[in-house]
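Okay, here's what each chain looks like letter by letter:
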Amino acid sequence: RLGKSEVKEDAVLLERWRKARKHLVSVDEKWEKGRIDAKVAIQQYEALIEKYGEIDLLYEELLTSFRRAMQQVYILIDGFDAAGGQSYSDETEVVREPRHWGTAAIRWTDPRLGEGKWSLFPRFADWSEIEALVLWVHAEKPGQIFEIRVWVNEGKGIKAPVAVRWKGWKQVRLPLRGKGSPFRGDPGADWGKVSSIQFFKEEGLKVDVTIDDVCLERSNPRTTGR
């Protein structure tokens, strides 16, 4: 009986692998032929990872396709996977769960009533051709507010509020320009000379969020996987 049970479990796993790989190949082909763009491909790869990520035989293949699509749309500033347990301030810590994708994320917990802040220092300083700043934020409860401050030439700042109105993971997309942009900057602030990104909470507020995959969205991503 034990032998039959193991064979049955293996057969079920093999059938899930077959279905998952069929879906993966389908998304790969649609992207390669330009029937879907990279953003749609990313969404479909993410859905497959969420549904079939426990299948070891397929996970790395799924992740490879997902990362390839991500690179066409985004420039990664920090995914926190290489942090090695290093925190970015006394109020942050690298965590394995929850995470968006990869192996780690950064949890920012600050119950103090005073101001709080921590920073990232992107290697890519010229944002003049960048469409948006994108990050994934996880919250256990809604109702929190923090601010993203992008420091540029000569200490000038460009700032945008983030109001957390959700539970779980959510992509936060902040266009840099146009009517839909939440950013407001000091006179003379130049997106072409970015020095740092600061996460800031005002006095009197508390924050407890997990942040992952802080990225820059390209203005003209490649439309196909070729």
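Remember, predicted model here, so these are calculated numbers, not experimental data.

In this structure, what is going on with the overall build of the protein? I would like to understand it.
Helix and strand counts for the protein stand at 3 helices and 11 strands. In the protein, the succession of helices and strands from N to C terminus is α-α-α-β-β-β-β-β-β-β-β-β-β-β. Put simply, the protein has 226 residues, and 43% of those count as buried. Restricting the contact set of the protein to residue pairs at least 6 apart, pairs at least 24 apart contribute 74%. With the model as given, the accessible surface of the protein reaches about 12700 Å², and the carbon-plus-sulfur share is 49%.

Is there a simple way to explain the packing of aromatic side chains in this structure?
What describes a pair of aromatic rings is the distance from one ring centre to the other and the angle between the planes of the rings. The final tally for this structure, using the stated rule, is 10 aromatic pairs. For the pair Trp108 and Phe146, a centre-to-centre distance of 5.5 Å together with 75 degrees between the ring planes defines the contact as edge-to-face. You can see Trp108 sitting in strand E3 (residues 105-110) and its partner Phe146 sitting in strand E6 (residues 144-151), a full 38 residues away along the chain. For the pair Trp108 and Phe146, one class covers both residues: buried. Geometry around Trp166 places Lys170 over its ring, the cationic atom sitting 5.7 Å from the centre.

How should I be thinking about the packing of helix H2 (residues 38-52) against helix H3 (residues 56-73) in this particular structure?
In a packed pair of helices, the relevant descriptors are the angle between the two axes and the axis-to-axis distance. Contact geometry for H2 and H3: axes closest at 9 Å, N-to-C directions at 155 degrees. Considering the angle they form, H2 stands roughly antiparallel to H3. Of the two elements, H2 crosses H3, and the hand of that crossing is left-handed. Counted together, Ala38, Lys39, Ala41, Ile42, Tyr45, Glu46, Leu48, Ile49 and Tyr52 of H2 and Tyr59, Leu62, Leu63, Ser65, Phe66, Arg68, Ala69, Met70, Gln72 and Val73 of H3 form the full contact between these two elements. Tallied by class, the residues present in the contact of H2 with H3 amount to 14 nonpolar, 2 polar and 3 charged.

Is there a simple way to think about the environment of Asp56 in this case?
Along the chain, the position of Asp56 falls in helix H3. Once the C-alpha coordinates of Asp56 and Trp17 are considered, the two residues, 39 residues apart in sequence, prove to be 9.4 Å apart.

Looking at this structure, I do not really get the pattern of salt bridges. What am I missing?
If charged atoms from side chains of opposite charge come close, those side chains can pair. A full pass over the atoms with the stated rule returns 12 salt bridges. A salt bridge links Arg21 to Glu61, with the shortest nitrogen-to-oxygen separation between them at 2.8 Å. Pair noted here: Arg21 is in helix H1 (residues 2-32) and Glu61 is in helix H3, with a separation of 40 residues, a long-range link. Taking relative accessible area as the criterion, Glu61 reaches 28% and is therefore assigned partly exposed. Across the pair Lys156 and Glu154 runs a salt bridge whose closest N-O atoms are separated by 3.3 Å. Here the salt bridges do not stand alone but share partners, grouping Lys39, Arg173 and Glu217 into one network.

Help me understand the side chain of Glu147 in this model?
On the secondary structure map, Glu147 appears in strand E6. The buried category is assigned to Glu147, whose relative accessible area is 16%. A polar contact is formed between the side chain of Glu147 and the side chain of Arg149, at a distance of 2.6 Å. Beyond its immediate sequence surroundings of up to four residues, Glu147 is in contact with Lys159, Ala160, Pro161, Gln198, Phe199 and Phe200.

I keep staring at the pairing of strand E11 (residues 207-218) and nothing clicks. Help me out?
Each regular strand displays side chains that alternate between the two surfaces of the sheet. Taken across its 12 residues, E11 has 10 buried, putting it largely inside the fold. In this structure, strand E1 (residues 74-78) lies alongside E11, joined through 4 bridges in antiparallel fashion. Looking at the pairing, Ile75 lines up with Leu216 of E11. Relative to E11, E3 runs antiparallel, the two sharing 5 bridges. Looking at E11, one finds that Ile106 is bridged to Ile211.

Help me understand the sheet that holds strand E10 (residues 196-201) in this model?
If you walk across this open sheet you meet the 5 strands as E4-E10-E6-E7-E9, and the pairing is antiparallel. Both outer strands of the open sheet, strand E4 (116-120) and strand E9 (184-185), are each paired with one neighbouring strand and no more. The pairing of E6 with E10 spans 5 bridges and is antiparallel. Residue pairing for E10: Trp151 is matched across the bridge by Ser196.

What counts and how
- Residues numbered from 1 in each chain as written.
- Predicted model: local features only at pLDDT ≥ 70, side-chain atom pairs only at ≥ 80, totals over all residues.
- Heavy atoms only, no water.
- Helix = DSSP H or I, 4+ residues; strand = E, 2+ residues; numbered from the N terminus.
- Buried < 20%, exposed > 50% of the residue type's maximum accessible area, 1.4 Å probe, protein only.
- Contact = heavy atoms within 4.5 Å.
- Areas by Shrake-Rupley, 256 points an atom, 1.4 Å probe, with all protein chains shown as cover.
- Phe/Tyr/Trp six-rings, centres within 6.5 Å; stacked < 30°, edge-to-face > 60°.
- Lys NZ or Arg CZ within 6 Å of the ring centre and 35° of its normal.
- Axes fitted to C-alpha atoms, helices over the stretch in contact; angles between N-to-C directions.
- Parallel < 35°, antiparallel > 145°, perpendicular 65-115°, else oblique.
- Left-handed = near helix turned anticlockwise from the far one by under 90°.
- Nonpolar A, V, L, I, M, F, W, Y, C, P; charged D, E, K, R; others polar.
- Salt bridge = Lys/Arg side-chain N within 4 Å of Asp/Glu carboxyl O.
- Polar contact = N/O pair within 3.5 Å; in protein donor to acceptor, adjacent residues only side chain to side chain.
- Pairing = 2+ DSSP bridges.

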